[in-house]
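Residues per chain are reported as follows:
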Amino acid sequence: MKRAGVLLLAAVPVVATGVYFVMPSDSADAPVTPPVSTTQSSREDAKSRAEEERAADDALIAGLPPGLAAPAKKELAQQLVSSAENSTTKWRTSYGTIEDLGDGCGYTAGIIGFCSATHDLLMLVERYTKDHPGNGLAAYLPALREVDGTDSHEGLDPGFPAAWRAEAELPAFREAQERERDRVYFEPAVRLAKLDGLGTLGQFVYFDAMVFHGPDTDAEGFYGLREQTLRKAKTPGQGGEEKAYLKAFLDVRAQAMRAKRPGIDTSRVDTAQRRFLAAGNLGLDTPLVWEMYGDTYRLP
């Protein structure tokens, strides 16, 4: 993930609490009913509604084509993201990559660009260590917690990069990277895109934006960008036109990228996703040709 900030994985609804009083009768001797809090019932109602809504969403998604979740399309999506994150479509060569890109995100590592400054790298190592105690990265957890939210290397140098590369030789850590990619980025992005009525290209647009901007609700995070787009265009699920909505989303996203880092190369939007959209390739069908940072990529 290539942005600084706190990673938000779930939005927990805040339920307003209320206290109700039963007024005493006119009789001075009448007992006063003690205050009754509705907090618990309100929370239970909110939880019940959320469960019902999720069940309805699950039913809707179950009746839709797999889209980007189809194995061949998911492989294609990772190749596209990898061309932006690691300058190669051979994404399985990137488990052990790790470097500081000087973008304020600390160490960027692995197949999806997990970053020491943006919480997702910390979460990955924590979850991996829970399943595999005593692994080669576990000793760095205290330092990773300390530098989370900053670009500092304190406690990580000089050994952490070598430890990451060594651990990436193990199938268990490679699987852990893929699971975290799916849990934090791929699955939430594809799910929401389907609920918004988007096809395979739109699902990829959401996935790539989720990776780069992070699943945050602030103005620079993925959910913030979506909210800004909804003020400009309707999703297909709301009766809008798919190409118009995706164009609006990409406009908002590119603007946010430039605002965050003036002069940034926006190839992943302008000479990849916009190109597919302009061609009307809403199914993200091959063959594909795109440019990333001046290099041309082709998938037959």
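Residues numbered from 1 in each chain as written. Predicted model: local features only at pLDDT ≥ 70, side-chain atom pairs only at ≥ 80, totals over all residues. Heavy atoms only, no water.

Caption draft 1: Summary view of the overall build of the protein. Each helix and strand in the protein was counted, giving 10 helices and 7 strands. When burial is assessed residue by residue, the protein has 45% of its 300 residues classed as buried. When the accessible surface of the protein is totalled, it reaches about 14,900 Å², and 54% of it is carbon and sulfur. (Helix = DSSP H or I, 4+ residues; strand = E, 2+ residues; numbered from the N terminus. Buried < 20%, exposed > 50% of the residue type's maximum accessible area, 1.4 Å probe, protein only. Areas by Shrake-Rupley, 256 points an atom, 1.4 Å probe, with all protein chains shown as cover.)

Caption draft 2: Highlighting the packing of aromatic side chains. A complete count under the given rule lists 14 aromatic pairs for this structure. Of the aromatic side chains, those joined through ring pairs into one cluster are Y107, Y128, Y140, F160, W164 and F173. (Phe/Tyr/Trp six-rings, centres within 6.5 Å; stacked < 30°, edge-to-face > 60°.)

Caption draft 3: A look at helix α3 (residues 120-131). For α3, spanning 12 residues, the distance from its first C-alpha to its last is 17 Å, which sits close to the expected 16 Å at 1.5 Å a residue. Of the surrounding elements, those touching the buried residues of α3 are β4 (107-109), β5 (114-115), α4 (141-147), α5 (160-167) and α6 (171-195). (Expected span 1.5 Å × (residues − 1). Contact = heavy atoms within 4.5 Å.)

Caption draft 4: Just helix α2 (residues 71-85), in detail. For α2, which comprises 15 residues, the first-to-last C-alpha distance of 21 Å matches the rise-based estimate of 21 Å (1.5 Å per residue) to within 8%. Most of α2 sits inside the fold, with 11 of its 15 residues counted as buried. Buried within α2 are the following residues: K73, L76, A77, Q78, Q79, L80, V81, S82, S83, A84 and E85.

Caption draft 5: How the structure looks around the side chain of D182. Along the chain, D182 turns up in helix α6. For D182, a relative accessible area of 13% corresponds to the buried category. A polar atom in the side chain of D182 sits 3.0 Å from the side chain of R181. (Polar contact = N/O pair within 3.5 Å; in protein donor to acceptor, adjacent residues only side chain to side chain.)

Caption draft 6: Looking closely at the nonpolar core. Membership of the largest hydrophobic core comes to 73 residues, with the highest contact counts inside it found for F160, W164, Y206, F207, L284 and W290. Ignoring any residue separated from it by four or fewer positions in sequence, one finds W290 in contact with L80, S83, T89, T271, A272, R275, F276, D295, T296, Y297, R298 and L299. (Core = buried A, V, L, I, M, F, W, Y, C linked by side-chain atoms within 4.5 Å.)

Caption draft 7: Region of the structure containing the pairing of strand β7 (residues 295-299). Sheet topology places strand β6 (residues 288-292) next to β7; 5 bridges connect them, and they run antiparallel. In the sheet register, E291 faces β7, and the bridge partner there is T296. Count of turn residues in the β6/β7 antiparallel hairpin: 2 residues, of which Y293 carries a positive phi of about 55 degrees. (Pairing = 2+ DSSP bridges.)

Caption draft 8: The arrangement of unusual backbone geometry in detail. Omega for the bond connecting D157 with P158 falls within 30 degrees of zero, at 5 degrees, which places this linkage in the cis form. Mapped onto the secondary structure, P158 falls in the loop between α4 and α5. The backbone of S87 shows a phi angle near 55 degrees, a positive value even though the residue is not glycine. The residue S87 is located in the loop between α2 and β3 (98-100) in this model. By relative accessible area, which is 45% here, S87 ends up partly exposed. Of note in this structure, Y293 is not a glycine but carries a positive phi near 55 degrees. The exposure class assigned to Y293 is partly exposed, which follows from its relative accessible area of 33%.

Caption draft 9: Examining the sheet that holds β3 more closely. The strand order across the open sheet formed by 3 strands is β3-β4-β5, and the pairing between neighbours is antiparallel. Edge strands, defined here as strands with exactly one partner in the open sheet, are β3 and β5. Note: β3 against β4, 3 bridges, orientation antiparallel. Bridging from a neighbouring strand, D100 pairs with Y107 of β4. Running over the sheet, α5 touches β3 and β4 and is turned about 155 degrees from β3. (Axes fitted to C-alpha atoms, helices over the stretch in contact; angles between N-to-C directions.)

Caption draft 10: Quick look at the environment of L80. Positionally, L80 belongs in helix α2. Counting along the chain gives 210 residues from L80 to W290, while the straight-line C-alpha distance between them is 9.1 Å. When sequence neighbours within four positions are dropped, the list of residues in contact with L80 reads F204, F276, L284, L288 and W290.

Caption draft 11: Structural view of the side chain of D208. Topologically, D208 is positioned in helix α7 (residues 200-213). Of the residues examined, D208 reaches a relative accessible area of 2% and is grouped as buried. Only 2.8 Å separates the side chain of D208 from the side chain of R268, close enough to count as a polar contact. Apart from the residues lying within four places of it in its own chain, the contact partners of D208 are V81, R253, R268 and Q273.

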